[in-house]
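Chain residues, written in single-letter form:
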Number of protein chains: 2
Amino acid sequence: MTDLKEYSETYRLSANEADAQRELALTVLVSKLIDIATTHANLLHIGNPDMKDINAGWVLSRLTIEMDHFPSGTELYSITTWVESWNRFFSERAFRIDDQEGNAIGHARSVWMVINTDTHENAGLSHLSLPAEMISGKECPIARQAKHREIAPSTHGDPLYTFKYCDIDFYRHVNTVKYITLLLNQYSLEEFDRMRVRRFEISFLHEARYGMMVEIRSTSADDSTRAFALCDHNAENAKPMIYARISLMPRNDGQ
Amino acid sequence: MTDLKEYSETYRLSANEADAQRELALTVLVSKLIDIATTHANLLHIGNPDMKDINAGWVLSRLTIEMDHFPSGTELYSITTWVESWNRFFSERAFRIDDQEGNAIGHARSVWMVINTDTHENAGLSHLSLPAEMISGKECPIARQAKHREIAPSTHGDPLYTFKYCDIDFYRHVNTVKYITLLLNQYSLEEFDRMRVRRFEISFLHEARYGMMVEIRSTSADDSTRAFALCDHNAENAKPMIYARISLMPRNDGQ
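Residues numbered from 1 in each chain as written. Chains lettered and ligands numbered in written order. Predicted model: local features only at pLDDT ≥ 70, side-chain atom pairs only at ≥ 80, totals over all residues. Heavy atoms only, no water.

Before going further, it helps to examine the pairing of strand β10 (residues 240-250) of chain A. All names here are of chain A. Judged by how many residues are buried, β10 sits mostly within the fold: nine of 11 residues are covered. As paired strands, strand β7 (residues 195-204) and β10 are joined by nine bridges and run antiparallel to one another. The residue bridging Ser203 from the neighbouring strand is Tyr243, located in β10. Looking at chain direction, strand β9 (residues 225-232) and β10 are connected through seven bridges and run antiparallel. Each bridged residue has a counterpart across the sheet, and for Phe228 the counterpart in β10 is Ala244. (Buried < 20%, exposed > 50% of the residue type's maximum accessible area, 1.4 Å probe, protein only. Helix = DSSP H or I, 4+ residues; strand = E, 2+ residues; numbered from the N terminus. Pairing = 2+ DSSP bridges.)

Below is the structure:
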């Protein structure tokens, strides 16, 4: 089973997975990271099918992505994933994205927790058994997310968004990829023609549901970075559901 | 090459392709129909790579889907496609969706045209050569779309939507799946808990672009059917970009 410590898949970029800049869309990349994490967990017998009897399942708690560049055209690329750490409360899973020559073009870190799918409460990982030799321990070479700070409402009023039918997935909550779509939609086409995502961070605090209206608060963290909070517009103190940070880099960087 | 007259692929439904009712999401089905059509066209050497030199490419002009039921859970399902008809102006391509026992659970019809990708004008099909034996001629057993009628604006004002960054694809126009998302989002979660899509029709009149604001006009066509028009809010006479019809059926139908 030692060959399962790392798991890889190779893909060919297709036009319908590309964004307006003809590169792999970040939303599609995230979808593939979740898919490959799911496949690897299932192969290691720590997947959702292994928790069916106790009505539990994995939820993504935090995701950080850093890309030097994105696959474009009809390039082949591959994603490799491994378990970086494991404890009673959560597991860290890392990813490396390689170009067709096998050079690393990006990395991702993720933190996963197990919830009871009926009560949506934290169920812990103690009921799962992962052989120690399957914990790679290999460190993902990108920084963990720094603490997110509260973002004050804008004096002009923040954009509002109400979650709709197609935002809701199998688990009856807002789908991860739909949050990312909402965040990317705060930028213009022209901004993404000039710049690309260098680093993307998202942290899931509470699950949003159908019909919830969120305030999309944002602030400049530094020249290239905007910090976001999606806050429940109708809750007391506009409770934050999601924190995120997006750092852009210019496209005219010789790549 | 006769084994290429029909082309099939088999898929296993995964949780992230399922909608809130745990069935194959219509948006995902459409995405797969387009993918398999593309793959089949490429194998027949009538695909976009074969038109690269003349800057031309296929565009979907019309799509009609009828489903008896949708795959659910982790069911296997397969899609088979064939060219139903072919002329100088357009090609009709049909699809059959089978469940894991090989029973047809749905069909789709599509009409495709070739445009010049620089001018976005109709380029016709005369420059492509498809051997006659590759035109199946097998008729798709669902009705073609009836003519769409103009829909008057609502006296209360129609919902408006502005196309955003993630709605735009590789071709710099609004992606087919994003129009369908917008249409399905006109229904509530509760409506789709009670009913499912029985028949879906969409007709593409003009390409919408980034930043365009559309009026989402709709009217009841019959008890189970709503007709939609997405109209350019800022154009004279609110030019229709898209016509669509969605027929629902109750879920408590013994299935």
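From this point, things continue past the structure.
A few words on the relation of the copies chain B and chain A. When chain B is fitted to chain A, the best match, at an RMSD of 0.0 Å, comes from turning it 180° and sliding it 0.0 Å along the axis. In symmetry terms, the pair is related by a two-fold rotation axis. Here 100% of the contact residues of chain B are again contact residues in chain A; the copies associate through an equivalent surface. (Least-squares fit on C-alpha atoms with pLDDT ≥ 70 in both. Contact = heavy atoms within 4.5 Å.)

Counting residues in hydrophobic clusters, the biggest one holds 136 residues, and the most contacted among them are A:Leu29, A:Ile65, A:Ile202, B:Leu29, B:Ile65 and B:Ile202. Beyond its immediate chain neighbours, meaning those up to four positions away, A:Leu29 contacts A:Leu24, A:Ile65, A:Met67, A:Phe70, A:Ile79 and A:Ile97. (Core = buried A, V, L, I, M, F, W, Y, C linked by side-chain atoms within 4.5 Å.)

All right, on to the sheet that holds β10(A) then. Residue and element names in this part refer to chain A. Across the sheet, 10 strands lie side by side as β1-β3-β4-β5-β2-β7-β10-β9-β8-β6; this open sheet has antiparallel pairing. A strand with exactly one partner marks an edge of an open sheet, and here the two such strands are β1 (6-12) and β6 (160-162). In this sheet, neighbouring strand axes are inclined to one another by 25° on average, regardless of whether the strands run parallel or antiparallel. This element, helix α2 (residues 176-184), spans β2 (56-67), β6, β7, β8 (213-222), β9 and β10 of the sheet and lies at about 130° to β7. (Axes fitted to C-alpha atoms, helices over the stretch in contact; angles between N-to-C directions.)

The full count for this structure, using the stated rule, is 18 aromatic pairs over all chains. Both rings, one in B:Tyr187 and one in B:Phe192, keep their centres 5.2 Å apart while their planes meet at 45°; by these two values the pair is tilted. Neither residue differs from the other here; B:Tyr187 and B:Phe192 are each classed as buried. Geometry around A:Phe170 places B:Arg22 over its ring, the cationic atom sitting 3.8 Å from the centre. B:Lys164 extends its terminal NZ or CZ atom over the ring of B:Tyr161, reaching a point 4.2 Å from the ring centre. (Phe/Tyr/Trp six-rings, centres within 6.5 Å; stacked < 30°, edge-to-face > 60°. Lys NZ or Arg CZ within 6 Å of the ring centre and 35° of its normal.)

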